[in-house]
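Analysis of the macromolecular model
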Amino acid sequence: MAYSAMDERPPAVKRRLPGRARRRTDVLREYEKLNAEQRSHVPSVLWPFLAPDADRHYRWRVELSCGCITELLTYGDRTPPHERRWGTGWNGQPLPPGQLYCKHDESDPVPYREITEWKDRREVAFPPDPTEPPEWITTEVWAVLRHDKPRTEAFWTVQLECGHSTEVVAPSIGWKPEHGPCVADPVRVREMADEFDQASAADLAYLATLDGQHMRRMIAAGWPSPRPEQRCSVCVHARTIIAYQAVGWLVPRGTVPEQPTAPPARDALERRLRRAEADAERLRAQLARIDD
Ligand SMILES: [Zn+2]
Ligand SMILES: [Zn+2]
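None of the values given here were measured: they were computed from a predicted structure.

Turning our attention to the domain arrangement of the protein. As a measure of interface size, the accessible area lost when the parts come together is often cited. Looking at the assigned domains, one finds that the protein contains domain 1 (6-106 + 237-260), domain 2 (112-234) and domain 3 (262-292). Contact with domain 1, which involves 11 residues of that partner, is made by nine residues of domain 2. Along the contact surface separating domain 1 from domain 2 lie zero salt bridges. One can count three residue pairs in polar contact (both at pLDDT 80 or more) joining domain 1 with domain 2. The residue makeup of the side of domain 1 that touches domain 2, split by class, is six nonpolar, five polar and no charged.

This brings us to the layout of surface pockets. Approximately 460 Å³ is the volume attributed to the second largest pocket. Y31, L34, H57, L72 and L73 are the residues nearest the centre of the second largest pocket, which is lined by 18 residues in total. Elements represented by at least two residues in the lining of the second largest pocket include exactly α1 (24-40), β2 (57-64) and β3 (69-75). Considering each element in turn, the lining of the second largest pocket owes the most residues, six residues, to α1. In terms of residue class, the lining of the second largest pocket is made up of 10 nonpolar, four polar and four charged.

Within the protein, the atoms that donate to the zinc ion (ligand 1) are C66 (SG), C68 (SG), C102 (SG) and H104 (NE2), at distances of 2.0 to 2.3 Å. Taken in chain order, the donor set of the zinc ion (ligand 1) reads C-x1-C-x33-C-x1-H. Taken together, the residues span a long stretch of sequence, with C66 in the loop between β2 and β3 and H104 in the loop between β4 (99-101) and β5 (112-126) at a distance of 38 residues. Given the relative accessible area of 27%, H104 is considered partly exposed.

Within the structure shown, the criterion is met by 17 salt bridges. We note a salt bridge from E83 to R275, for which the minimum N-O separation is 3.6 Å. Residue E83 is located in the loop between β3 and β4, and its partner R275 is located in helix α8 (residues 266-291); the two are separated by 192 residues in the primary sequence. The exposure class assigned to E83 is buried, which follows from its relative accessible area of 5%.

So, about the pairing of strand β6 (residues 151-160). Burial runs high along β6: seven of the 10 residues are buried. In the sheet, β5 pairs with β6 via nine bridges, with the strands oriented antiparallel. Bridge pairing in β6 links E123 to A154. Bridging between β6 and strand β7 (residues 165-169) involves five bridges; their strand directions are antiparallel. From the neighbouring strand, F155 faces β7, where its bridge partner is V169. With antiparallel pairing between neighbouring strands as the criterion, β6 and β7 make up a hairpin whose turn holds four residues, including G163 at a positive phi of roughly 100 degrees.

What counts, and where the lines are drawn
Residues numbered from 1 in each chain as written. Chains lettered and ligands numbered in written order. Predicted model: local features only at pLDDT ≥ 70, side-chain atom pairs only at ≥ 80, totals over all residues. Heavy atoms only, no water. Domains from an automatic or database assignment. Contact = heavy atoms within 4.5 Å. Salt bridge = Lys/Arg side-chain N within 4 Å of Asp/Glu carboxyl O. Polar contact = N/O pair within 3.5 Å; in protein donor to acceptor, adjacent residues only side chain to side chain. Nonpolar A, V, L, I, M, F, W, Y, C, P; charged D, E, K, R; others polar. 1 Å grid on protein atoms, 1.4 Å probe; cavity = no way out; pocket = protein on both sides within 12 Å on 5 of 7 lines; lining within 4 Å. Points joined across faces, edges and corners; volume = space filled by probe spheres on them. Helix = DSSP H or I, 4+ residues; strand = E, 2+ residues; numbered from the N terminus. Donors = N, O, S within 2.8 Å, 3.2 Å for Na, K, Ca; no water. Buried < 20%, exposed > 50% of the residue type's maximum accessible area, 1.4 Å probe, protein only. Pairing = 2+ DSSP bridges.

Here you go:
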């Protein structure tokens, strides 16, 4: 599946963005209001971490891959916004560095992404299913699908190739990733392939959809369980910061006593170093071409 991982994306560029920053006093007032709310249910000893003073924040404007321009506040130092982690994806985990949620009314269909890592596992106990079928299912299908006894299922948190996470149900409670996916009976898979070919010949539009393509790949792979590729609903709204503009401190310096700024985080420095090394490599290649 052609998909470029986050680390391969071009770095965000620093430039002046169209339009203007919001009025600083408006942003400050909003921050103070939200912060007062936050402080009302956080012990004061934790304020520096969970509800810090406004004067430690720096303002940025960012342009996202969807074309939207928005504003961000960063705390403590002036590490650019695309080198930080924002928002939460599935399970409260932050998005990969440099991504931000921006929901649009019209969005792309949910893509399938390959699983790159199996992480945590949890077990969930379920009571027997009700005898009445849910609205969306016929009585005949429910008779086949219904679990009439209590059961426990294993859920695995997986990392996808896009850098986001999701959860996958294991084919059995004792299943482990090193067992590899279970595949269906080859005779049944051949029947499914024939049925799929007939159905997609009659509906070429379906075959062209992401779901149709996914079905085709899964049948070709012997109908594996768990499926090695999963739908990533985070991808639909997670945008990349492609450009940024420094706006200034939320509380102008000089009006408050200077405080020492915290050094940038280690992973932010490592990313900067990797980028600088890639730049140096590119420049060396250009020089070599000139010398030739
Ligand atoms: Zn947007
Ligand atoms: Zn994703």
